[in-house]
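Coordinates in review
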Amino acid sequence: MAETTKPEATPADRNSRKTVRGYVVSDKMQKTIVVEVEERKTHRLYGKVLRQSVKYKVHDEENAAGVGDLVLVSETRPVSSAKRWRLVEILERAK
């Protein structure tokens, strides 16, 4: 019998992780921020644009982000039981 081997995963396959933009709604925890990401969907039948939001707990190593900042976050391996995202950069500071 001929053995079949699985093709190795390339770095591009392994690093295809989601990135999203959102606003920081809480920075009360150490090294953790809560980011609210808003998604806009069009209703299939009526065509109305609906807003749907989800909150993610994000790992912020330097405690750099504050409430109201627009941030870019990326999906990552589990950092804790609740954190699956990490802060990539702060796009815009709160005024």
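An unreviewed UniProt entry lists the protein under the name Small ribosomal subunit protein uS17, from Brevibacterium aurantiacum. Looking at the Subunit (unreviewed entry) heading of the UniProt record, one finds this comment for the protein: "Part of the 30S ribosomal subunit."

1. Let's talk about the overall build of the protein
Each helix and strand counted, the protein has one helix and five strands in total. Starting at the N terminus, the α and β elements of the protein follow one another as α-β-β-β-β-β. The 95 residues of the protein split such that 23% are buried. Sequence-distant contacts in the protein: of pairs separated by 6 or more residues, those separated by 24 or more amount to 50%. For the protein, the exposed surface amounts to about 7,700 Å²; the carbon and sulfur share of it is 48%.

2. Focus on the packing of aromatic side chains
Counted according to the given criterion, the structure contains one aromatic pair. Note on Tyr56 and Trp85: the rings are 4.5 Å apart at their centroids and 35° apart in plane angle, and the pair reads as tilted. With Tyr56 in strand β3 (residues 49-59) and Trp85 in strand β5 (residues 85-92), this pair connects stretches of sequence that are 29 residues apart. Classification of Trp85 by relative accessible area gives buried; the value is 8%.

3. Examining the side chain of His59
Turning to its location among the elements, His59 is positioned in strand β3. Among the polar contacts made by the side chain of His59, one reaches the side chain of Glu61 at a distance of 2.8 Å. Not counting the four nearest positions on each side in its chain, His59 is found in contact with Lys31, Val79, Lys83, Trp85, Arg86 and Leu87.

4. Digging into the environment of Glu39
Inspection of the secondary structure assignment puts Glu39 in strand β2 (residues 32-42). Relative accessible area serves as the criterion here: at 42%, Glu39 is assigned to the partly exposed category. Each C-alpha atom of the pair Glu39 and Val54 lies 8.1 Å from the other, and the pair is 15 residues apart in sequence. Excluding anything up to four places from it in sequence, Glu39 contacts Leu50, Arg51 and Gln52.

5. Digging into the sheet that holds strand β4 (residues 70-75)
Ordered in space as β1-β2-β3-β5-β4, the five strands form a closed barrel in which the pairing is mixed. Strand-to-strand twist across the sheet, computed as the mean angle between neighbouring axes with direction ignored, equals 45°. For strand β1 (residues 19-29) and β2, the ladder comprises four bridges, and the chain directions are antiparallel. The residue of β2 that forms the bridge with Met29 is Thr32.

6. Describing the pattern of salt bridges
On inspection of all chains with the given rule, the structure shows six salt bridges. For Arg51, the salt bridge is made with Glu38, and the minimal N-O distance between the two is 3.5 Å. With Arg51 in strand β3 and Glu38 in strand β2, the pair connects residues that are 13 residues apart, well separated along the chain. Owing to a relative accessible area of 63%, Arg51 belongs among the exposed residues under this scheme. For the salt bridge of Arg93 with Asp69, the shortest nitrogen-to-oxygen distance reads 3.2 Å. Of the two residues, Arg93 is situated in the segment after β5 and Asp69 in the loop between β3 and β4; the sequence distance between them amounts to 24 residues. We classify Asp69 as buried; its relative accessible area is 3%. What emerges from the salt-bridge pattern is a single network uniting Glu38, Arg40 and Arg51.

The rules behind each value
Residues numbered from 1 in each chain as written. Predicted model: local features only at pLDDT ≥ 70, side-chain atom pairs only at ≥ 80, totals over all residues. Heavy atoms only, no water. UniProt positions renumbered as here; feature names shortened; annotations may be inferred. Helix = DSSP H or I, 4+ residues; strand = E, 2+ residues; numbered from the N terminus. Buried < 20%, exposed > 50% of the residue type's maximum accessible area, 1.4 Å probe, protein only. Contact = heavy atoms within 4.5 Å. Areas by Shrake-Rupley, 256 points an atom, 1.4 Å probe, with all protein chains shown as cover. Phe/Tyr/Trp six-rings, centres within 6.5 Å; stacked < 30°, edge-to-face > 60°. Polar contact = N/O pair within 3.5 Å; in protein donor to acceptor, adjacent residues only side chain to side chain. Pairing = 2+ DSSP bridges. Axes fitted to C-alpha atoms, helices over the stretch in contact; angles between N-to-C directions. Salt bridge = Lys/Arg side-chain N within 4 Å of Asp/Glu carboxyl O.

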